[in-house]
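Next come the chains, spelled out residue by residue.
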Amino acid sequence: KPASYTPLSALKLVEIIHDADLLPPGVLNLITGPGQIVGQELCTNPLVDKIAFTGSTEVGRTIMQQAASTIKKVTLELGGKSPNIILDDADLDVAVDGSLWATFMHNGQACESGTRLFVPSSIYDEFMDRLVARASRLKVGLSSDGNTDLGPLISAAQLKTVEAYIQLGIEEGATPILLGERPTDPVLAHGHFISPTIFTNVDNRMRIAQEEIFGPVLCVIKYDSLDEAIRQANDTIYGLAAGVWSTDIERAVSVA
């Protein structure tokens, strides 16, 4: 069952699989509809043996509760606040581009996005200068435009959520070294577009560092010791993904 906002790609995929005669009829089926109706039926119907869900923590809790009524097997993938750790021997050109990709791919709408960036104090200034300069050149625009770097958010409600988190970060005391704004281009005026935000002076205990924003918002955390970076990287309710940037493979694996 695809998400209500994004059914078309799933419908096309299943159509291709059936047209290619890859599976016997009836093995793979697709159902569309709202989670409150279709999702609840799948979670409570005794004919369904397992539920696998990707989405929000709130909905995941509900699914687990509903699946318990028929003792279903359940697999939940409920978001992330993934740490992206830069080591002091990293190749800065590669690490800067990689950090931007980790955060802003799909406009930050990926559960495994590296939205907490840990940068050592010894290279912090140079790294941030490069990061902000590179991020400032990212183009917000239509997905059909081959030069676009960041397309729209999924909905008007999600755009408001991202803007609320940006305001919350400012209120918490973080510094928006790059502040996300809605574009002034009239072609984009009625869409769900926003430019990248990069926060510095972020404390890992802030809500913007602990809660999944699901938008183009990056939290940068400066660290002095590698042990400190690892401790803060692990200080989250999530455990979905992580990144380590170093030119020393053994050191990177050790940190991972």
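Residues numbered from 1 in each chain as written. Predicted model: local features only at pLDDT ≥ 70, side-chain atom pairs only at ≥ 80, totals over all residues. Heavy atoms only, no water.

Engineer: Which residues make up the overall build of the protein, and what values do they have?
Structural biologist: Along its length, the protein carries nine helices and eight strands. Looking at the protein residue by residue over its 256 residues, the buried ones come to 41%. For the protein, the share of sequence-separated contacts (at least 6 apart) that also reach a separation of at least 24 residues comes to 68%. In the form shown here, the protein has an accessible surface area of approximately 14200 Å², with 55% of it arising from carbon and sulfur atoms. (Helix = DSSP H or I, 4+ residues; strand = E, 2+ residues; numbered from the N terminus. Buried < 20%, exposed > 50% of the residue type's maximum accessible area, 1.4 Å probe, protein only. Contact = heavy atoms within 4.5 Å. Areas by Shrake-Rupley, 256 points an atom, 1.4 Å probe, with all protein chains shown as cover.)

Engineer: Give me helix 4 (residues 92–104): which residues, what numbers.
Structural biologist: With 13 residues, helix 4 ought to run about 18 Å at 1.5 Å a step, and its terminal C-alpha atoms sit 18 Å apart, in line with that. Turning to helix 4, its buried residues are Leu92, Ala95, Val96, Gly98, Ser99, Leu100, Thr103 and Phe104. Packed against the buried residues of helix 4 are strand 3 (83–86), strand 4 (116–120), helix 5 (124–136), strand 6 (197–200), strand 7 (217–223) and strand 8 (243–245). Residue Asp91 occupies the N-cap position of helix 4, its side-chain oxygen lying 3.1 Å from the main-chain nitrogen of Asp93. Positive backbone phi, approximately 55 degrees, marks His106, located one or two places after helix 4. (Expected span 1.5 Å × (residues − 1). Polar contact = N/O pair within 3.5 Å; in protein donor to acceptor, adjacent residues only side chain to side chain.)

Engineer: Any chance you could break down the sheet that holds strand 4 for me, citing the residues and the numbers?
Structural biologist: Reading across from one edge, 5-6-7-4-3-8 is the order of the six strands in this open sheet, with mixed pairing throughout. The two strands at the open ends of the sheet, each matched to only one other strand, are strand 5 (175–178) and strand 8. Strand-to-strand, the axes of this sheet are offset by a mean angle of 25 degrees, without reference to chain direction. Bridge count between strand 6 and strand 7: three bridges; the pairing is parallel. Counterpart to Ile198 in the pairing with strand 7 is Leu218. (Pairing = 2+ DSSP bridges. Axes fitted to C-alpha atoms, helices over the stretch in contact; angles between N-to-C directions.)

Engineer: Hey, could you go over the state of the cysteines for me, with residue numbers and the actual values?
Structural biologist: In total, this model carries zero disulfides according to the counting rule given. Here Cys111 stays unpaired: no disulfide links it, and the sulfur of Cys219, its closest cysteine neighbor, is 17 Å away. Relative accessible area serves as the criterion here: at 11%, Cys111 is assigned to the buried category. Note on Cys219: relative accessible area 0%, which makes it buried. (Disulfide = S-S within 2.5 Å.)

Engineer: Describe the pattern of salt bridges, listing the residues and the values that go with them.
Structural biologist: Counting across every chain of the model gives 10 salt bridges. Between Asp89 and Arg251 there is a salt bridge, with its nearest N and O atoms 3.4 Å apart. Highlighted residues: Asp89 in the loop between strand 3 and helix 4 and Arg251 in helix 9 (residues 249–255), separated in sequence by 162 residues. Overall, the relative accessible area of 27% leaves Arg251 in the partly exposed class. (Salt bridge = Lys/Arg side-chain N within 4 Å of Asp/Glu carboxyl O.)

Engineer: Quick one: what's the story with the nonpolar core, residue by residue and with numbers?
Structural biologist: Ranked by internal contacts, the top residues of the largest apolar core, which has 25 residues, are Phe127, Leu131, Ile198 and Val220. No other element matches the six residues that helix 5 contributes to this core. Setting aside residues no more than four positions away along its own chain, Leu131 makes contact with Val96, Ser99, Leu100, Leu117, Ile198, Leu218 and Val220. Judged by nonpolar contacts, the second largest core, of 24 residues, contains Val162, Phe199, Ala209 and Ile221. (Core = buried A, V, L, I, M, F, W, Y, C linked by side-chain atoms within 4.5 Å.)

Engineer: Residues and numbers for the side chain of Ser113, please.
Structural biologist: As for its position among the elements, Ser113 is in the loop between helix 4 and strand 4. Aside from chain neighbours lying at most four places away, what touches Ser113 is Ser82, Ala102, Thr103 and Gly108.

Engineer: Explain the environment of Ile237 to me, using residue names and the numbers behind them.
Structural biologist: Position of Ile237 among the secondary structure elements: in the loop between helix 8 (226–234) and strand 8. As a C-alpha pair, Ile237 and Phe214 span 23 residues in sequence and 16 Å in three-dimensional space.

Engineer: Help me get a handle on the packing of helix 2 (residues 35–44) against helix 3 (residues 57–67), residues and values and all.
Structural biologist: Orientation of helix 2 relative to helix 3, taken along the N-to-C sense of each, is 40 degrees, at an axis distance of 8 Å. The orientation of helix 2 relative to helix 3 falls into the category oblique. Every pair of crossing elements has a handedness; the one defined by helix 2 and helix 3 is right-handed. Of the residues in helix 3, those in contact with Gly39, Gln40, Cys43 and Thr44 of helix 2 are Ile63, Gln66 and Ala67. Classifying every residue of the contact of helix 2 with helix 3 by side-chain character gives three nonpolar, four polar and no charged. (Parallel < 35°, antiparallel > 145°, perpendicular 65-115°, else oblique. Left-handed = near helix turned anticlockwise from the far one by under 90°. Nonpolar A, V, L, I, M, F, W, Y, C, P; charged D, E, K, R; others polar.)

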